[in-house]
Amino acid sequence: MFRALLPARCLTRCPPPRPPPRPPPPRRGLRSRAGAGALPLWGRVAVAAGAAAAVGAGWLYLREERERRRRARRRAELRALALGQGDFGLLDQEGRRRSKADFRGQWVLLYFGFTHCPDICPEELGKLSRAVALLEREPGLPPVQPLFITVDPERDDVAALGRYVRDFHPRLLGLTGSPEEVRAAGSAYRVYASAGPKDEDGDYLVDHTVVIYLLGPDGLFLDYYGRSKTDVQIAQSVRRHMETYEPLLD
């Protein structure tokens, strides 16, 4: 009956209607399996904390290893340089004979200058004295001996040194001697010193190395501080050297 109602072309060309596709069967068990494999929040936090701790420990190890290598290179350089070997014989401001052996086993901050210096030497000796005072305030640190060696022995005799060092640290020792003795002491630390021309009054200036030397208990050079360093920076550096000190020569 229905076939009679359709046009003739549909009877031969139009396919019969297809049934609607069936929906795929539900995938059972995926939700439960995913839930079973996931870590709870506290577990994820613990894993993240452990990973962060491992990274931090690795970073600290690398930093300490770099610092250890840096100190080893620095020690090798200082050993090769070995400034301050040998001995000297000079007079202090009391007229007592002093040798380098008198300071063996002590930490020393050493400055070479002259008492007629108008500004730089007083500034540097004042800074040296303040650095020593800062270190004295820290319990447990070994004492530091402040030391001043003249580069102008012609004018800086024992009496002149005695008057000069009073203006600085109470333990500051001033040392002088003959021109030959003073030159020998300075050459051990590669100190440059050259007297300038005299004026009408016979006065003159001395061009010289402007450096504060740090000497270890073995009497050898460990570090130096130029004019740009402050008393606080010098004290901090000396403290670090004390904490990591190893003798340069066996």
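Data block above holds the structure.
Residues numbered from 1 in each chain as written. Predicted model: local features only at pLDDT ≥ 70, side-chain atom pairs only at ≥ 80, totals over all residues. Heavy atoms only, no water.

> I'm lost on helix H8 (residues 231-244) in this one. Help?
Because an α-helix packs 3.6 residues into every turn, residues spaced three or four apart end up facing the same way. Counted at 1.5 Å a residue, the expected span for H8 with its 14 residues is 20 Å, and the 20 Å between its end C-alpha atoms agrees. What H8 keeps buried is the set Asp231, Ile234, Ala235, Ser237, Val238, His241 and Met242. For H8, the angular spread of the buried residues around the axis is 165 degrees, confining them to a single face. In this structure, the buried side of H8 is in contact with strand S3 (107-113), helix H5 (120-136), strand S4 (144-150), strand S8 (212-215) and strand S9 (221-225). (Helix = DSSP H or I, 4+ residues; strand = E, 2+ residues; numbered from the N terminus. Expected span 1.5 Å × (residues − 1). Buried < 20%, exposed > 50% of the residue type's maximum accessible area, 1.4 Å probe, protein only. Arc of directions from axis to C-beta. Contact = heavy atoms within 4.5 Å.)

> Before we go on, may I ask you to explain the pairing of S3 in this structure?
Looking along a regular strand, one sees the side chains alternate between the two faces of the sheet. Within S3, seven of the seven residues are buried, which leaves the element mostly enclosed by the surrounding structure. Of the two faces of S3, the one lined by Trp107, Leu109, Tyr111 and Gly113 and the one lined by Val108, Leu110 and Phe112 are each fully buried. The β-α-β motif built from S3, the intervening H5 and the parallel element S4 has right-handed crossover chirality. Strand direction decides the pairing type here: S3 and S8, joined by four bridges, are antiparallel. Note that in S8 the partner of leucine 109 across the bridge is leucine 214. (Right-handed = clockwise from strand over helix to strand, strands pointing away. Pairing = 2+ DSSP bridges.)

> Got a minute to help me understand the packing of aromatic side chains in this structure?
By the definition in use, this model includes eight aromatic pairs. A centroid spacing of 6.0 Å and a plane angle of 75 degrees characterise the contact between tyrosine 213 and phenylalanine 221, whose relative ring orientation is edge-to-face. You'll find tyrosine 213 and phenylalanine 221 in the same group, each marked buried. Plain terms: the ring middles of phenylalanine 221 and tyrosine 224 are 6.3 Å apart, the flat faces sit at 25 degrees to each other, and that makes the pair stacked. Accessibility expressed as a relative area gives 6% for phenylalanine 221, which makes it buried. On the basis of relative accessible area, tyrosine 224 is assigned to the partly exposed category, the value being 47%. Every member of this aromatic cluster is reached through a ring pair, and the members are Phe112, Tyr189, Tyr213, Phe221 and Tyr224. (Phe/Tyr/Trp six-rings, centres within 6.5 Å; stacked < 30°, edge-to-face > 60°.)

> In this structure, what is going on with the state of the cysteines? I would like to understand it.
In a disulfide, the sulfur atoms of two cysteines are covalently bonded to one another. In this structure the tally under the stated criterion is zero disulfides. Free cysteine: cysteine 117, not disulfide-bonded; nearest cysteine sulfur from cysteine 121 at 3.2 Å. Owing to a relative accessible area of 9%, cysteine 117 belongs among the buried residues under this scheme. (Disulfide = S-S within 2.5 Å.)

> Help me understand the packing of H5 against H8, please; the structure alone is not making it clear to me.
Where H5 contacts H8, the axes come no closer than 8 Å and their chain directions differ by 50 degrees. It follows from the interaxial angle that H5 and H8 lie oblique. Two packed elements cross with a definite hand, and for H5 against H8 that hand is right-handed. Between H5 and H8, the residues in contact are Lys127, Arg130, Ala131, Leu134 and Leu135 and Asp231, Val232, Ile234, Ala235, Val238 and Arg239, respectively. Along the lines of polarity and charge, the residues of the contact of H5 with H8 split into seven nonpolar, no polar and four charged. (Axes fitted to C-alpha atoms, helices over the stretch in contact; angles between N-to-C directions. Parallel < 35°, antiparallel > 145°, perpendicular 65-115°, else oblique. Left-handed = near helix turned anticlockwise from the far one by under 90°. Nonpolar A, V, L, I, M, F, W, Y, C, P; charged D, E, K, R; others polar.)

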